Amino acid sequence: MSNIKYFAKSRTLIKYLSDIKKKGLKHAYIFSSSDELKNQTACILLALLINCKQNEICFNCKNCLKILNNNCLDIYTYPKNKSIVVEDIKEIIDSCYIKPCELENKIYILNNFDEANVASQNKFLKTLEEPPNNVIFLLNTTNLSKVLDTIKSRASVINLPEISIEEIGEIISSSDIELNKIIQENCDNELGNYLKLNEKNLAKTFDFCLDLLKNLNSSSQILNFSSLILKDKENLYNYFYILTLIFRDLIVCKINKSLVKNQSHLNDFIEISENFHYKALCNILDKLIESNKKLSFNTNENLIIDNLLINILEEKYKWN
């Protein structure tokens, strides 16, 4: 329910899903976008739109409450674990031919279907070819290319619309979350990205990274900055994520200031970019990407951070 209430306020998304319902329901849909949270929530919202006794999403009728509280006997969500496996598909096949007991249709929500292996997708194919009555399959994916063509040809592929920065601002402003300009500028027109970034408290990390780039001027400061990052070890990936965003904007700032994504910090980017050569920024960005990969392999974290900060310093002065 927590994220559904935000997406339910999106005029763009609700109108899009309402139009799907008005056109007549198909037996299978594949919702696709880069926003995993939006994809999964769109499936739940469509289930609500289909079954709400008020012909909208009222949040109060018996059907809405059952779906929102995850206790509706005719709504099934997969995978049970990390990704959809053959056992999940077997379970779906065994149950989907049994008539619904509470709703007019049984609804199966298959999240991150692109992560299902080929065997699982092939096992599901026969059911899509000859679907039972009163069943709707709602698949979602952030990588449509990994869904078999034979699956896509037997379902209606829906490319979900982006939610504009302005609309995201309206949704957040009318909710219990404080609107943050930094997150708004970096969510790539996706409400789900905004909600995830907000949970990670990236605004604070963003300010720290700007301070680092403004004030890191000698090797004697590396230990201090490195220690501060390691104190927040559970959010280590956030620092690399934010630094990557910043260096991309610094490169853009050298070319065309009007294209900088984080316009609310444009003056900071101008100040920092004046201390770095264009080639230095490109080299540091490459180093950041490489360092991020090393983190995923559980390489020594202290060493990775120290080497990155040393690289930033070297590049800063090498081209001057």
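Residues numbered from 1 in each chain as written. Predicted model: local features only at pLDDT ≥ 70, side-chain atom pairs only at ≥ 80, totals over all residues. Heavy atoms only, no water.

A. Just the sheet that holds strand β3 (residues 106-110), in detail. If you trace the five strands from one edge of the open sheet to the other, you get β2-β3-β4-β1-β5, paired in parallel fashion. Each having just a single partner strand, β2 (75-78) and β5 (156-159) make up the two edges of the open sheet. Each adjacent strand pair in this sheet contributes to an overall mean axis angle of 20 degrees, direction not counted. In the sheet, strand β1 (residues 28-32) pairs with strand β4 (residues 135-141) via five bridges, with the strands oriented parallel. Pairing of tyrosine 29 across the sheet is with leucine 138, part of β4. Packing against the sheet, helix α5 (residues 86-96) makes contact with β2, β3 and β4, and its axis sits at approximately 170 degrees to β3. The strands touched by helix α6 (residues 118-129) within the sheet are β1, β3 and β4, with β4 carrying the most contacts at an inclination of about 140 degrees. (Pairing = 2+ DSSP bridges. Helix = DSSP H or I, 4+ residues; strand = E, 2+ residues; numbered from the N terminus. Axes fitted to C-alpha atoms, helices over the stretch in contact; angles between N-to-C directions. Contact = heavy atoms within 4.5 Å.)

B. Up close: the packing of helix α2 (residues 11-22) against helix α3 (residues 36-51). Two elements in contact, α2 and α3, have axes whose closest approach is 10 Å; the angle formed by their N-to-C orientations is 50 degrees. By the criterion of interaxial angle, the relationship of α2 to α3 is oblique. Both α2 and α3 take part in a crossing whose hand is right-handed. Between α2 and α3, the contacting residues are Leu13, Ile14, Leu17, Ser18 and Lys21 on the first element and Lys38, Ala42, Leu45, Leu46, Leu49 and Ile50 on the second. A per-class count over the contact of α2 with α3 returns eight nonpolar, one polar and two charged. (Parallel < 35°, antiparallel > 145°, perpendicular 65-115°, else oblique. Left-handed = near helix turned anticlockwise from the far one by under 90°. Nonpolar A, V, L, I, M, F, W, Y, C, P; charged D, E, K, R; others polar.)

C. Expanded view of empty space enclosed by the protein. Inspection of the entire model under this criterion finds two cavities of 30 Å³ or more. Roughly 40 Å³ of volume is contained in the largest cavity. Around the largest cavity, the lining residues are Ile229, Tyr239, Phe240, Leu243, Ile305, Leu308 and Leu309. By residue class, the composition of the lining of the largest cavity is seven nonpolar, no polar and no charged. When its volume is computed, the second largest cavity comes out at roughly 30 Å³. In this structure, the second largest cavity is lined by Leu212, Leu213, Leu216, Phe276, Ile312 and Lys316. Of all elements in the fold, only α11 (202-215) and α16 (301-318) reach the threshold of two or more residues within the lining of the second largest cavity. (1 Å grid on protein atoms, 1.4 Å probe; cavity = no way out; pocket = protein on both sides within 12 Å on 5 of 7 lines; lining within 4 Å. Points joined across faces, edges and corners; volume = space filled by probe spheres on them.)

D. The arrangement of the packing of aromatic side chains in detail. In the structure shown here, the tally under the stated rule is nine aromatic pairs. Judged by centre distance (6.5 Å) and plane angle (90 degrees), the rings of phenylalanine 206 and phenylalanine 269 are edge-to-face. One end of the pair, phenylalanine 206, is in helix α11; the other, phenylalanine 269, is in helix α14 (residues 266-273), with 63 residues separating them in the sequence. Residue classification places phenylalanine 269 among the buried positions, given a relative accessible area of 0%. A ring pair is formed by phenylalanine 208 and tyrosine 239, whose centres lie 5.6 Å apart and whose planes are at 85 degrees; its orientation type is edge-to-face. (Phe/Tyr/Trp six-rings, centres within 6.5 Å; stacked < 30°, edge-to-face > 60°. Buried < 20%, exposed > 50% of the residue type's maximum accessible area, 1.4 Å probe, protein only.)

E. Quick look at helix α10 (residues 191-199). Of all the positions in α10, only Leu191, Gly192, Asn193, Tyr194, Leu195 and Leu197 are classed as buried. Among the structural elements, α1 (4-7), α3, α8 (165-173), α9 (181-186), α11 and α13 (236-255) are those in contact with the buried residues of α10. In the segment just after α10, asparagine 201 is the residue with positive phi, at about 55 degrees.

F. Representation of the nonpolar core in the model. With 87 residues, the main nonpolar core has Phe31, Leu45, Leu191, Leu213, Ile246, Phe247 and Ile312 as its most contacted residues. Looking at this core element by element, the count peaks at eleven residues for α13. Contacts of phenylalanine 247, omitting those with residues within four sequence positions, involve Leu213, Leu281, Ile284, Leu285, Leu288 and Ile312. In terms of nonpolar packing, the next biggest core, distinct from the first, is built from 20 residues, Ile30, Phe124, Leu139 and Ile151 among them. (Core = buried A, V, L, I, M, F, W, Y, C linked by side-chain atoms within 4.5 Å.)

G. Spotlight on helix α15 (residues 278-296). An ideal rise of 1.5 Å per residue puts 27 Å on 19 residues; α15 measures up with 28 Å between its terminal C-alpha atoms. Taken together, the buried positions of α15 are occupied by Ala280, Leu281, Ile284, Leu285, Lys287, Leu288, Ser291 and Leu295. The buried residues of α15 occupy an angular sector of 165 degrees when projected down its axis, which confines them to one face. Among the structural elements, α13 and α16 are those in contact with the buried residues of α15. (Expected span 1.5 Å × (residues − 1). Arc of directions from axis to C-beta.)

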